[in-house]
Structure formats: structure tokens, C-alpha cells
Amino acid sequence: MPSIPITVFTGFLGAGKTSVILSLLPKLPKDYKVVLLKNEFGDVEVDSKLANQSSLTAVSEILNGCMCCVLVGQMQNALLEIRDNYRPDRIIIECSGSAFPATLAFQIRQLERDTGGDFNLDAIVTVIDAENFVGYEDTSPTARMQASYSDIILINKWEHVSERSLDIVMDHLHTLNDTTPKIKCQTRNGVDPGLIFGLQSKHFLSDPKSAPVDHDEVETLTLGRAGIVHHNHSHASSEETDTTTMEKTKLIQALELVPKDTVWRVKGFVRLDDGKVYILNWAFGRFELTEYTGDDIRDSVRFTVMGSRGEVGRAVTKFVAALKA
């Protein structure tokens, strides 16, 4: 059987990797099977819930760590399970925001050899947040590594910045990596799959011992509020439902208390006063709320917060108080 191509998406926290990946799906043939393997810090499954509402064949999420270091075995096992259960046309791996791509690539190369070519590393794609890259590039060695080791660099959120600011971002990227093509995402339309699929990457064919790994820059916290739980008993079943809600205006006011210089990402679930559950995606001051149609969320608030190590707890004190979390 033909080998399964793997496309690895990297990019710093909040760059928009999930949005770019989901934008690819409508452009693919209807019978084209794609499985997403998602890795994230924290213990709140957010992006996989969002992705499950898409046309993906399947979604698998690895939480509470980074699969390019402490969760190495989990990634390899997950890829083998995906092969055995789905035999998809393509696997997309979405890394955590602080993953170093070389380490993942070395693992995939090893899996290529161990399985006799069942997998192949097609491309490493780095998504850049044009609004904030220059700021976090100065403080994050991982962000610099992600931009330096890539087959394609996608410039996301460029429509939010001035032409001068975009030129500065491009200058920084050319300094880090002057040979890799750089493509602007077409806002909500993302990018043409033909530009990033079928590249047959030649990166990272050397000894994996040469790959540095450092994740000390990111700290995560989980915030929750259970609210009031009502027990509905019947002869057939017993259900617990959380009827506590939050006004959207109060949520927005709370988010305005989050300092984006030390907190880079807030994501999770919130039950608003219209009775619906929403997925919150907040990054560097911008946020989106997407209605979640599943029925498995019980907490009225459950967020994962990611930011600069040693700073997150102090930085979100007002935010937590405003949420009553």
C-alpha cells in the first residue's frame, strides 16, 4: 500500500494553526481521508472538539505535555493506531505551541524506517502570527527555531497589521530563514492545499541526538467553575446538568483584564446566558467564540491559560476573580 504522508504544523501559541488546518478541508476531494493528531499543553480538550465538528475522518489529541519530548512514545503509538484503524490519505500533526519541529521530524523518520515506509514526512509547515511574532520572537527561542526549520512558512493575521509592520515581520523571517517560501494566508480561506501538500520534505535526515529541546518558557494553568448542579432523577437514568451561565459582556470584560505580554493563550469552554456552550479561543488580546454542539460539557467555565513561565499565576489573578473561577 502507498505510504501515508504526514504534514506537521508548528507555530507559536495562538498563531492560528487549527484555523489554517480546518480551512484546508473544504478544498480537498470529498473522499479524501484526513486524520488530525493534535498535541497541546493543559488538560482541556478544545481544538479536538472543534475539529470533530469538521469533515475530518478522525481526531486524536495528546494532552498534558509536549510529544516532541516527554510524550515521544505516545505520538508514535498514536500514529500506528491511526494507520491500523483508518489508513487515511494523509495525517496532519498539529504541535503544541512550544514544540521544536526537528525532534518530531526525527521521530517520524525513525517510524518510516521501522515500518518499512508506511509513513513519510511530507512537510513541516510553520504558521506565523504577523501581529505578535516580532514581540515573542525576541523572548522565545522556540519561536525562532520553528521559523528556522520549516518547508513552508504561512503568514497568518497579516490583514490586522500595517504594511510597514508586515515588512518588519518579513525582514525578521528572512533573517531567520531566507530560503523557505513564505505565503500569506487568505484570511478565512486559509491556503491552497496544493501549496503545502506533496512537498516530500528533505529536512531532518541526520542524527536525532543533535536536536535541542527546551520547553521551560511556557507555563499552563487550568481554570474552572462548576456552578450550580441540578440532579434530575428518573427510573431509567440520573443526569447532572449545570445551569449556571455567564453574560457575554462580563466575559469580554474579564478577558480585557488578561495582560497579553505575559499571557499568550486562553482556550476552553464557557456556558453563556443564551444557554449555549461556546469554545473560547483567545490569543494576544483577540478572541473568538464558536458554538459547541456537543452535550458533554458540564462546567460553566473551563479554560486552559498559557503564558510566560513564572508569570501566569500572578497575571490572571483579576481574570480569575472576574470569572468567579
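Residues numbered from 1 in each chain as written. Predicted model: local features only at pLDDT ≥ 70, side-chain atom pairs only at ≥ 80, totals over all residues. Heavy atoms only, no water.

A. Summary view of the packing of aromatic side chains. Applying the stated criterion across every chain yields a total of three aromatic pairs. Consider the rings of F12 and W264, whose centres lie 5.1 Å apart with planes at 55 degrees: the pair is tilted. Taken together, the positions of F12 in the loop between strand 1 (4–10) and helix 1 (17–24) and W264 in strand 11 (residues 263–271) put the pair 252 residues apart, joining distant regions of the chain. W264 sits in the buried class, given a relative accessible area of 7%. On the basis of an interplanar angle of 10 degrees and a centroid distance of 6.3 Å, the ring pair of F303 and F319 is categorised as stacked. Within this pair, whereas F303 is found in strand 14 (residues 301–308), its partner F319 is found in helix 11 (residues 317–323), the two being separated by 16 residues in sequence. A relative accessible area of 0% places F319 in the buried class. Above the ring of F197, the side-chain terminus of R90 is found at 3.9 Å from the ring centroid. The ring of W158 has K184 sitting right over it, with the charged end atom 4.0 Å from the ring centre. (Phe/Tyr/Trp six-rings, centres within 6.5 Å; stacked < 30°, edge-to-face > 60°. Helix = DSSP H or I, 4+ residues; strand = E, 2+ residues; numbered from the N terminus. Buried < 20%, exposed > 50% of the residue type's maximum accessible area, 1.4 Å probe, protein only. Lys NZ or Arg CZ within 6 Å of the ring centre and 35° of its normal.)

B. Structural detail: helix 4 (residues 101–114). In this model, helix 4 (14 residues) spans 20 Å end to end at C-alpha, consistent with the 20 Å of a helix rising 1.5 Å per residue. Counting buried positions along helix 4 gives eleven out of 14 residues, so the element sits mostly inside the fold. Listing the buried residues of helix 4 in full gives P101, A102, T103, L104, A105, F106, Q107, I108, R109, L111 and E112. Positive backbone phi, at 65 degrees, marks G116, one or two positions downstream of helix 4. (Expected span 1.5 Å × (residues − 1).)

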